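# Observations on the three-dimensional arrangement
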Amino acid sequence: MKERDEEIQICTRELYALVDSVSKYKEYMASKISEMKSNLSETAGALPDSYKSSSPVQFGITVEANH
């Protein structure tokens, strides 16, 4: 009976360590996703400004209006 209790204790510690590890990984991934969203938002905000500052003439492009 004592062996069984010790085995249960070992399994309990291993399970706790696994849950703790998964929890830390989840926090890490949430942080990385938040960072990626922030970077994406910054990039999306910079694109219109970048586009506005580049004139179509610079690239030899003629812009024609469709009527």
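## Structural notes on the overall build of the protein
Summing up its helical and strand segments, the protein has 1 helix and 0 strands in all. Residues classed as buried in the protein amount to 0% of the 67 residues present. Approximately 6,700 Å² of the protein is accessible, and the part contributed by carbon and sulfur atoms is 59%.

## Remarks on the packing of aromatic side chains
Two measures describe an aromatic ring pair: the distance that separates the ring centres and the angle between the ring planes. Under the counting rule described, the total for this entry stands at 1 aromatic pair. When the centroid spacing of 6.3 Å and the interplanar angle of 35° are considered together, the rings of Tyr25 and Tyr28 count as tilted. In this pair, Tyr25 and Tyr28 both sit in helix H1 (residues 2-53), 3 residues apart, roughly one turn of the helix.

## A look at a negative patch on the surface
Among the surface-exposed residues, Glu3, Asp5, Glu6 and Glu7 lie close enough to one another that they form a single negatively charged patch. Looking at the element boundaries, Glu7 is found in helix H1. With a relative accessible area of 52%, Glu7 lands in the exposed category.

## Description of the pattern of salt bridges
For the structure on display, the rule yields 2 salt bridges. With a shortest N-O distance of 3.5 Å, Lys32 and Glu35 are connected by a salt bridge. With Lys32 and Glu35 both in helix H1 and 3 residues apart, this pair spans about one turn of that helix. Relative accessible area serves as the criterion here: at 30%, Lys32 is assigned to the partly exposed category.

## Quick look at a nonpolar patch on the surface
A cluster of nonpolar side chains, Leu15, Leu18, Val19 and Val22, forms an exposed patch at the surface whose accessible area comes to about 390 Å². For Leu15, the position within the fold is in helix H1.

About the criteria used
Within each chain, residues carry numbers counting from 1 in the order of the written sequence. Side-chain atom pairs in this predicted model are given and counted only at pLDDT of 80 or more, local residue features only at pLDDT of at least 70, and totals for whole chains, interfaces and linings cover all residues. Hydrogens and waters are ignored; side-chain quantities use all the structure's heavy atoms. By definition, any uninterrupted DSSP run of H or I lasting at least four residues is a helix, any uninterrupted run of E lasting at least two residues is a strand, and each is numbered from the N terminus. Only protein chains enter the calculation, and the probe is 1.4 Å; a residue is then buried if its accessible area is under 20% of its type maximum, exposed if over 50%, and partly exposed in between. Residue exposure ignores everything except the shown protein chains as possible cover, and the areas themselves are Shrake-Rupley values with a 1.4 Å probe. To pair, rings of Phe, Tyr and Trp, with the six-membered ring standing in for Trp, must have centres within 6.5 Å; the planes then decide the type, stacked if under 30 degrees apart, edge-to-face if over 60, and tilted in the middle. Like-charged residues within 9 Å of one another, or nonpolar side chains (Val, Leu, Ile, Met, Phe, Trp, Tyr) within 5 Å, are grouped into patches, provided each residue has over 30% relative accessible area and no salt bridge. When a carboxyl oxygen of Asp or Glu is within 4 Å of a side-chain nitrogen of Lys or Arg, the pair counts as a salt bridge. Positive charges are assigned to Lys and Arg, negative charges to Asp and Glu, while His and the chain termini are left out of the count. Just so you know, the charge point we use is NZ for Lys, CZ for Arg, CG for Asp and CD for Glu.

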